[in-house]
Amino acid sequence: MAMRGSTGAYTNGTRLMVDARDVHKYFHNNEVLRGVNMQVLRGEVVVVIGPSGSGKTTFLRCINHLEKINRGRIYVDGKLIGYRETGDGKLVEDSERNIAGIRAEIGMVFQRFNLFPHLTALQNIIEAPMQVKGIAREQAEARGRELLAKVGLAQKADAYPARLSGGQQQRVAIARALAMDPKLMLFDEATSALDPELVGEVLKVMRQLAEEGMTMVVVTHEMGFARDVADRVIFMDGGIIQEEGAPAQMFSASSNERLRTFLGQIREE
Amino acid sequence: MGGLLQWLQSVVTLNHFFVWTYVWKYTPAPAIIQGAIVTVILSVISQLLGTLIGLMLYFLRRGRIRVFRISADAYIWFFRGTPLAVQILAFYTLFPYLHISRPLRAIDPFSAIGFTHGPGPIFLDSFLAAILALSLNEGAYMAEIVRAGIDAIDVGQLEAAKSLGMTYSLAMRRIVLPQAFRIIIPPLGNEFNNMLKNTALAAFIALNELLETGRLIGDANFASLELLVVASLWYLLLTTIWGFFQGIIERKLNASNLDPGAPRPQWWQRAFGFGQGNAGVATAVPAEH
């Protein structure tokens with residue numbers, strides 16, 4: 001499929017942070033992704049919405065190869081994810097070390113936080129920089145405390161995850177991802193597991209990150225966040241991208257029947 | 001009638017053939033203490049090796065290579081399906097075929113380091129046969145315990161670690177295993193308690209551990225039952241001390257998850273194994289919010 005969009009910049013490879021082409025994914029015989037094409041520009045905030053089972057979370061997990069794709073290609077910052085291209089154009093699975101190396105540059109925030117419960121907040125944050133990047137403890141801790149302050153949890157450095165609220169845990173998880181200095185951040189329904197009163201504090205951090213120019217792909221049900229923060233909104237359903245565009249257009253002016261039904265259901269909740 | 005009463009009296013009091021003074025005399029005897037030390041050495045080494053084997057079996061069974069997976073399953077099937085006593089005897093009996101029994105016996109390292117108080121030397125071939133059988137047998141059981149521990153860790157932990165750029169082995173080492181270890185500790189403690197007692201089967205192959213030492217002394221002094229009581233007292237002492245340490249270890253490992261307000265078991269509960277329930281497991285599960 002040709003590059004979509006109207007900016008023209010999409011054809012300039014160096015400006016593309018994510019370039020997914022014809023991505024297919026099966027779970028057994030169930031085709032969850034049926035040819036997804038998505039390009040994300042450097043510094044762009046793309047919000048992916050859609051009903052559950054639409055494949056949006058699966059697609060996000062394909063971007064850092066937590067799920068293997070069965071067909072198509074995904075490039076992040078020009079690098080093919082999960083596979084190596086042989087001389088004759090065939091794809092073979094990349095080495096674990098290379099995949100890990102690419103993942104180290106992609107931050108991911110999970111719905112269920114997935115903080116390491118045996119480590120304190122600060123230890124959670126410095127673990128990967130020290131073990132993966134080989135950064136010295138002193139440096140890693142200084143940076144870790146900086147990041148904790150940034151997400152408003154400077155005083156919780158020594159708290160174990162079990163002692164933190166859901167919102168606090170998710171903010172630590174964001175700080176943990178940021179500690180690797182990622183080029184791209186993936187958010188997988190980062191606020192869906194939170195009590196309603198805790199959603200705001202996490203969205204605030206995400207908003208701040210967007211303002212600082214971080215490239216973000218955000219899967220969420222928070223339509224307010226999509227409307228305010230997204231540069232572009234993508235609506236997925238049935239394993240493909242049904243519609244995409246600027247938030248204003250998507251939320252009020254779309255003619256796509258599925259999207260309007262979906263938005264109607266969301267508003268009723 | 002009088003004979004029956006007398007017999008019943010002897011059952012109750014053991015007066016006619018049981019001499020308590022032998023018990024008090026031999027319980028602190030150097031030979032017995034040495035036997036207990038051998039039992040502890042045997043148990044610790046076998047438990048450590050068994051745990052390592054269990055861990056290895058986990059990765060073989062979870063690995064990509066089919067032959068390894070099948071071999072690991074077969075191993076576990078075999079060692080859990082045959083008596084430990086047979087395994088110990090088999091290794092001991094196997095050694096002469098390999099022409100290593102006599103050379104091993106000639107080395108006699110235990111006498112060299114001062115284990116000279118027993119009724120006889122501690123044969124190295126017996127010792128190694130016991131270690132081999134106990135470790136390999138324990139490995140089969142630990143494989144299941146390790147599997148339960150690792151599988152109890154949410155797959156999200158491994159995914160989070162991978163998303164941060166960790167390789168599988170690094171994620172296992174730094175993130176998954178430390179958490180799984182906490183879950184493994186209570187059943188591992190029970191395994192070690194069993195191990196302390198299972199080493200007594202080495203008496204079959206003339207290894208002068210606690211039971212064999214007691215048996216030899218007892219038979220030589222016409223005090224077989226008394227020396228069995230002596231050995232039992234020592235086994236009780238060892239398992240009690242272990243129960244105490246197990247409680248301390250479980251508490252330390254759960255430091256990050258324990259609710260500070262939760263009641264802690266008293267020292268005597270930890271030592272005697274009362275009132276612990278499955279607290280170690282329950283508190284190792286991260287809280288959901």
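Structural data are supplied above this passage.
Note that the structure is predicted; figures quoted are calculated from it, not measured.

Trainee: I'd like a rundown of the packing of helix α11 (residues 210-220) of chain B against helix α12 (residues 224-253) of chain B, residues and numbers included.
Mentor: All names here are of chain B. As a packed pair, α11 and α12 sit with axes 8 Å apart at the nearest point and diverge in direction by 155 degrees. With respect to their mutual orientation, α11 and α12 come out roughly antiparallel. The two elements α11 and α12 meet at a crossing, and its hand is right-handed. Mapping the contact onto sequence places L210, L211, G214, I217, G218 and D219 in α11 and S224, L227, L228, A231, W234 and Y235 in α12.

Trainee: Just give me the short version of the pairing of strand β8 (residues 106-109) of chain A, but keep the residues and values in it.
Mentor: Residue and element names in this part refer to chain A. Judged by which residues are buried, β8 turns out to be covered on both faces: I106 and M108 on one side and G107 and V109 on the other are all buried. In this structure, β8 lies alongside strand β9 (residues 184-188), joined through four bridges in parallel fashion. Pairing of V109 across the sheet is with F187, part of β9.

Trainee: I'd love a proper account of a nonpolar patch on the surface, names of residues and values included.
Mentor: All names here are of chain B. Residues L4, L5, W7, L8, V11 and V12 make up a contiguous nonpolar surface patch of about 630 Å² in total accessible area. In this structure, W7 sits in helix α1 (residues 2-13). A relative accessible area of 52% means that W7 is categorised as exposed.

Trainee: Which residues make up the environment of Q265(A), and what values go with them?
Mentor: On the secondary structure map, Q265(A) appears in helix α9 (residues 257-268). For Q265(A) and Q123(A), which are 142 residues apart along the polypeptide, the C-alpha to C-alpha distance reads 41 Å.

Trainee: Could you give me a rundown of the environment of E67(A), with the residues and numbers involved?
Mentor: All names here are of chain A. As for its position among the elements, E67 is in the loop between α1 (56-63) and β4 (71-76). Between the alpha carbons of E67 and G82 there is a distance of 9.4 Å; along the sequence they are 15 residues apart. Not counting residues up to four positions away in its chain, the partners in contact with E67 are K25, F27, T58, R61 and C62. Only 3.0 Å separates the side chain of E67 from the side chain of R61, close enough to count as a polar contact.

Trainee: Can you break down the sheet that holds strand β1 (residues 16-27) of chain A residue by residue, with the values?
Mentor: Residues and elements named next belong to chain A. Strand order in the open sheet made by the four strands is β2-β1-β4-β5, with antiparallel pairing throughout. In the strand order of this sheet, the two ends are held by β2 (30-41) and β5 (79-80), each with one partner. Examined bridge by bridge, β1 and β2 share nine bridges and lie antiparallel to one another. Paired with A20 across the strands is M38, a residue of β2.

Trainee: Give a detailed account of the interface of chain A and chain B, specifying residues and quantitative values.
Mentor: Taken together, the contacts link 32 residues of chain A with 29 residues of chain B. Buried area between chain A and chain B, both sides added, is near 2,600 Å², and the carbon and sulfur share of it is 55%. The largest contributions to the chain A side of the interface with chain B come from F116(A), P117(A) and H118(A), which together make up 22% of the buried area. In this structure, the connection of chain A to chain B is made through three salt bridges. Notably, a salt bridge pairs E159(B) with R61(A), separated by 2.6 Å at the nearest N-O pair. Mapped by element, the contributors of at least two residues to the side of chain A that touches chain B are α2 (96-103), β8, α3 (121-131) and α5 (166-178) of chain A. The class makeup of the residues in the side of chain A that touches chain B is 18 nonpolar, six polar and eight charged.

Trainee: Run through the nonpolar core, naming residues and quoting values.
Mentor: Taken as a class, soluble globular proteins show a tendency for nonpolar side chains to be buried jointly. Residues F59(A) and L184(A) are the most contacted members of the largest nonpolar core, which totals 59 residues. Per-element accounting of this core gives the leading share, 10 residues, to helix α10 (residues 168-198) of chain B. Ignoring sequence-local partners within four residues, the contact set of L184(A) consists of M17(A), V18(A), I63(A), V76(A), E105(A), I106(A), G107(A), M214(A), T215(A) and V217(A). In terms of nonpolar packing, the next biggest core, distinct from the first, is built from 53 residues, V202(A), L203(A), M216(A) and I266(A) among them.

Trainee: Break down the sheet that holds β8(A) for me, with residues and values.
Mentor: All names here are of chain A. The strand order across the open sheet built from six strands is β8-β9-β10-β3-β11-β12, with neighbouring strands paired in mixed fashion. Looking along the sheet, the strands with just one partner apiece sit at the ends: β8 and β12 (240-245). Strand-to-strand twist across the sheet, computed as the mean angle between neighbouring axes with direction ignored, equals 20 degrees. Pairing of strand β3 (residues 45-49) with strand β11 (residues 232-237) involves four bridges; the strand directions are parallel. Within the sheet, the bridge partner assigned to I49 lies in β11 and is F235. On the sheet, α1 packs against β3, β8, β9, β10 (215-219) and β11 and is oriented at approximately 150 degrees with respect to β9.

Trainee: Pulling in residues and values, what's your account of the pattern of salt bridges?
Mentor: Applying the stated criterion to the full structure yields 31 salt bridges over all chains. The residue D154(B) makes a salt bridge to R112(A) at a minimum N-O spacing of 3.8 Å. Separated into two different chains, D154(B) in the loop between α8 (124-151) and α9 (155-163) and R112(A) in the loop between β8 and α3 make up a pair that spans both. With relative accessibility at 37%, the residue D154(B) sits in the partly exposed group. Notably, a salt bridge pairs R143(A) with D181(A), separated by 2.8 Å at the nearest N-O pair.

Trainee: Could you give an account of the packing of helix α3 (residues 30-62) of chain B against helix α4 (residues 66-81) of chain B, with specific residues and numbers?
Mentor: All names here are of chain B. Between α3 and α4, the shortest axis-to-axis distance is 8 Å and the interhelical angle comes to 140 degrees. What the angle tells us is that α3 and α4 run oblique. With respect to the hand of their crossing, α3 and α4 are arranged in left-handed fashion. Contacts between α3 and α4 involve I53, L57, L60 and R61 from the first element and F68, R69, A72, D73, Y75 and I76 from the second. Taken together, the residues of the contact of α3 with α4 sort by class into seven nonpolar, no polar and three charged.

Thresholds, definitions, all that
Residues numbered from 1 in each chain as written. Chains lettered and ligands numbered in written order. Predicted model: local features only at pLDDT ≥ 70, side-chain atom pairs only at ≥ 80, totals over all residues. Heavy atoms only, no water. Axes fitted to C-alpha atoms, helices over the stretch in contact; angles between N-to-C directions. Helix = DSSP H or I, 4+ residues; strand = E, 2+ residues; numbered from the N terminus. Parallel < 35°, antiparallel > 145°, perpendicular 65-115°, else oblique. Left-handed = near helix turned anticlockwise from the far one by under 90°. Contact = heavy atoms within 4.5 Å. Buried < 20%, exposed > 50% of the residue type's maximum accessible area, 1.4 Å probe, protein only. Pairing = 2+ DSSP bridges. Patch = residues over 30% accessible without salt bridge, like charges linked within 9 Å, V, L, I, M, F, W, Y side chains within 5 Å. Areas by Shrake-Rupley, 256 points an atom, 1.4 Å probe, with all protein chains shown as cover. Salt bridge = Lys/Arg side-chain N within 4 Å of Asp/Glu carboxyl O. Polar contact = N/O pair within 3.5 Å; in protein donor to acceptor, adjacent residues only side chain to side chain. Buried area = accessible area lost by both parts, 1.4 Å probe. Nonpolar A, V, L, I, M, F, W, Y, C, P; charged D, E, K, R; others polar. Core = buried A, V, L, I, M, F, W, Y, C linked by side-chain atoms within 4.5 Å.

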